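Analysis of the macromolecular model
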Amino acid sequence: MNKDLYTLANCIHASDDFAEEASGRFPDKKYKRSVLAAVRSEKQPAARKRLATAAACLAVIAAAAGIFRSEVQAAIEQIHYSISSALGLGNSAARYTEVVHTSVSSGGYIVTLQEALAAYGTLYVTYTVEREDGSPVMPENDYFQLDSKLLINGEPVRNSSGTSSGFLDEEKKIWRTLLSCGTEGTDLSSENTYELKLSDPQLAERGTWEFKFKADGSELYADTKTMALNDQYVLPDGVVVTLDELSLNKIEQRITFHLTNSTCIQYDDFQLEFKDDQGRTAVFQTGTCGNGKGILVNSYVPAKDSPIRTWIAEDAKTLYVTAYLTDMPETDGLNPDDYKVQTGETAVWDLTNLESGIR
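Predicted model, so just to flag it, every value in this text is computed and none were measured.

Cut-offs applied
Residues numbered from 1 in each chain as written. Predicted model: local features only at pLDDT ≥ 70, side-chain atom pairs only at ≥ 80, totals over all residues. Heavy atoms only, no water. Helix = DSSP H or I, 4+ residues; strand = E, 2+ residues; numbered from the N terminus. Contact = heavy atoms within 4.5 Å. Buried < 20%, exposed > 50% of the residue type's maximum accessible area, 1.4 Å probe, protein only. Polar contact = N/O pair within 3.5 Å; in protein donor to acceptor, adjacent residues only side chain to side chain. Salt bridge = Lys/Arg side-chain N within 4 Å of Asp/Glu carboxyl O.

This paragraph deals with the overall build of the protein. When you go through the protein residue by residue, the secondary structure sums to seven helices and 21 strands. Taking the contacts inside the protein whose residues are at least 6 apart along the sequence as the reference set, 60% of them involve residues at least 24 apart.

This is the structure:
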């Protein structure tokens, strides 16, 4: 047997059956299936570390032996599309993430639900899309967008969802998506059973893909710090914005609010700017709003012409908070900062009042 095949099997901690399944100079179909199954079955954080080793092994082995490189590389690339990397958080989300790795084939497409994370009022999932025949996912310049429906413990959830999508590979054979489903009013702090139904609204013949999985938000909820607020801002149209609660954890930083005299903020660019006791800054902008309440979320702000997320630091003790409105004319090419107007007085928040756990 080719020693490189043993090397790859050892990299991914495959079973002893691999020796029997790869007796020839080149791997047969049974061996290929076994390797791919082993790669896709790695479900725990420790196993994900092994996959990084497997990827390094693959780079050497594929060059030396040419063993079904595309299949294994695709499998490893999919596993490496984690929620942590999708959110740009390094490894911060790994300990809170449920690794699902379930594939459903329909309409000539394979959708693989990779990871799920139950956060405070939001369910995050990552999934990838491939063609069954291995061809590019879509024609050039096309866009693959799936609608989503979410059930929690068998009950439909009215949710607002957002996506971030793109290709994982240069050949455009693997389409990846981060889906965030807002679940305000639903408690995600314990283990729940989720059903996610994906469908293509434009091309029904592409099929539907349904997944059922569990995710437990208890650890992230326990690691979240919260502080009650009661700051109010009166907007020019008479709408009153009342801030309710600040919540901070390693996945997201957000503020809940409710409105008086309106069901939604008419100014899309209402935002809060923060400076802490050490001069560090952060910006929260309107994330969702409807039915008289909404969420301000930590946003990306430009720094040296590159978008960088700035967090409220864990060691910050005081925050100076200023609210702004951006009311721009309908003209292209304008700088929003030129039309930013402060509303209300700058507030001072004592972060030593943060409490552990979500009330």
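This part covers the side chain of Thr112. Positionally, Thr112 belongs in strand β2 (residues 109–119). Classification of Thr112 by relative accessible area gives buried; the value is 5%. There is a polar contact of 2.7 Å between the side chain of Thr112 and the side chain of Ser103.

For the rest of this paragraph, the subject is the pattern of salt bridges. Using the criterion set out here, one finds six salt bridges in the structure. A salt bridge links Glu219 to Arg95, with the shortest nitrogen-to-oxygen separation between them at 2.5 Å. In this pair, Glu219 sits in helix α7 (residues 218–222) while Arg95 sits in the loop between α6 (83–86) and β1 (98–106), placing the two residues 124 residues apart along the sequence. Residue classification places Arg95 among the partly exposed residues on the basis of a relative accessible area of 48%. A salt bridge links Lys340 to Glu273, with the nearest nitrogen and oxygen atoms 2.8 Å apart. Linking Lys340 in strand β20 (residues 340–350) with Glu273 in strand β14 (residues 271–276), this pair joins segments that are 67 residues apart in sequence. Connected through salt bridges with shared partners, the residues Arg95, Glu219 and Asp223 form a single ionic network.

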